[in-house]
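# Summary of the model geometry
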Amino acid sequence: MPEFEVSLRGYDVNAVQELVGRAESALAGRDPAQRAQALAAIREAKIGVVLRGYDRAQVDQYLAQVRRELGG
């Protein structure tokens with residue numbers, strides 16, 4: 001799990017952790033179905049903004065990198 005900075009108005013921590021965990025599992029494995037599902041989850045994610053959440057720019061950058069690695 002990457003270490004994201006916490007900002008005053010950032011992405012919901014639990015939602016980010018769940019999405020990142022799913023992405024990292026897909027990257028670690030070679031199952032094409034799992035990779036496709038993780039890629040779809042990232043593309044369709046609507047992460048809420050909360051007080052004291054993860055820095056949005058850092059999370060967006062990380063998810064963009066993961067999308068590329070998953071082939072999307």
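Above this text you will find the structure in question.
Fair warning: this is a prediction, and the values are worked out from it, not measured in the lab. (Residues numbered from 1 in each chain as written. Predicted model: local features only at pLDDT ≥ 70, side-chain atom pairs only at ≥ 80, totals over all residues. Heavy atoms only, no water.)

Helix and strand counts for the protein chain come out as three helices and two strands. Reading the protein chain from its N terminus to its C terminus gives the helix and strand order β-α-α-β-α. Against the 2.2 N^0.38 benchmark of 11 Å for 72 residues, the protein chain shows a C-alpha radius of gyration of 12 Å, consistent with a compact globule. For the protein chain, the C-alpha atoms occupy an extent of roughly 35 × 20 × 15 Å along the three principal directions. Separation of charge centres in the protein chain, based on 10 positive and 10 negative side chains, amounts to 5 Å. (Helix = DSSP H or I, 4+ residues; strand = E, 2+ residues; numbered from the N terminus. Rg over C-alpha atoms; globule rule 2.2 N^0.38 Å. Lys, Arg positive; Asp, Glu negative; His and termini not counted. Charge placed at Lys NZ, Arg CZ, Asp CG, Glu CD.)

Taken as a whole and judged by the stated rule, the model has two aromatic pairs. With centroids separated by 5.3 Å and ring planes inclined at 55°, the aromatic side chains of phenylalanine 4 and tyrosine 54 adopt a geometry described as tilted. With phenylalanine 4 in the segment before β1 (6-11) and tyrosine 54 in strand β2 (residues 49-54), this residue pair connects regions lying 50 residues apart in the sequence. Both residues of the pair, phenylalanine 4 and tyrosine 54, count as buried. Here the aromatic rings of phenylalanine 4 and tyrosine 62 are separated by 5.8 Å at their centres, their planes lie at 75°, and the arrangement is edge-to-face. Of this pair, phenylalanine 4 sits in the segment before β1 while tyrosine 62 sits in helix α3 (residues 56-69); the two residues are 58 residues apart in sequence, bridging distant segments of the chain. There is no split in this pair, since phenylalanine 4 and tyrosine 62 are both buried. (Phe/Tyr/Trp six-rings, centres within 6.5 Å; stacked < 30°, edge-to-face > 60°. Buried < 20%, exposed > 50% of the residue type's maximum accessible area, 1.4 Å probe, protein only.)

Right, let's get into helix α1 (residues 13-28). For α1, built from 16 residues, the straight-helix expectation of 22 Å at 1.5 Å per residue is met to within 8% by its first-to-last C-alpha distance of 22 Å. Of the residues making up α1, those classed as buried are Val16, Leu19, Val20, Ala23 and Ala26. All buried residues of α1 lie within an arc of 125° about the axis, which places them on one face of the element. Exposed and facing more than 90 degrees away from the buried side of α1 are Asn14, Glu18 and Ala28. Buried residues along α1 sit against β1, α2 (32-44), β2 and α3. (Expected span 1.5 Å × (residues − 1). Arc of directions from axis to C-beta. Contact = heavy atoms within 4.5 Å.)

Counting residues in each nonpolar core, the largest one holds 18 residues, and the members touching the most others are Phe4, Val16, Ile42, Val59, Leu63 and Leu70. Beyond its immediate stretch of four places on either side in the chain, valine 16 contacts Phe4, Tyr11, Ile47, Tyr54 and Val59. (Core = buried A, V, L, I, M, F, W, Y, C linked by side-chain atoms within 4.5 Å.)

Take it as geometry only, folks, not as evidence of what the structure does.
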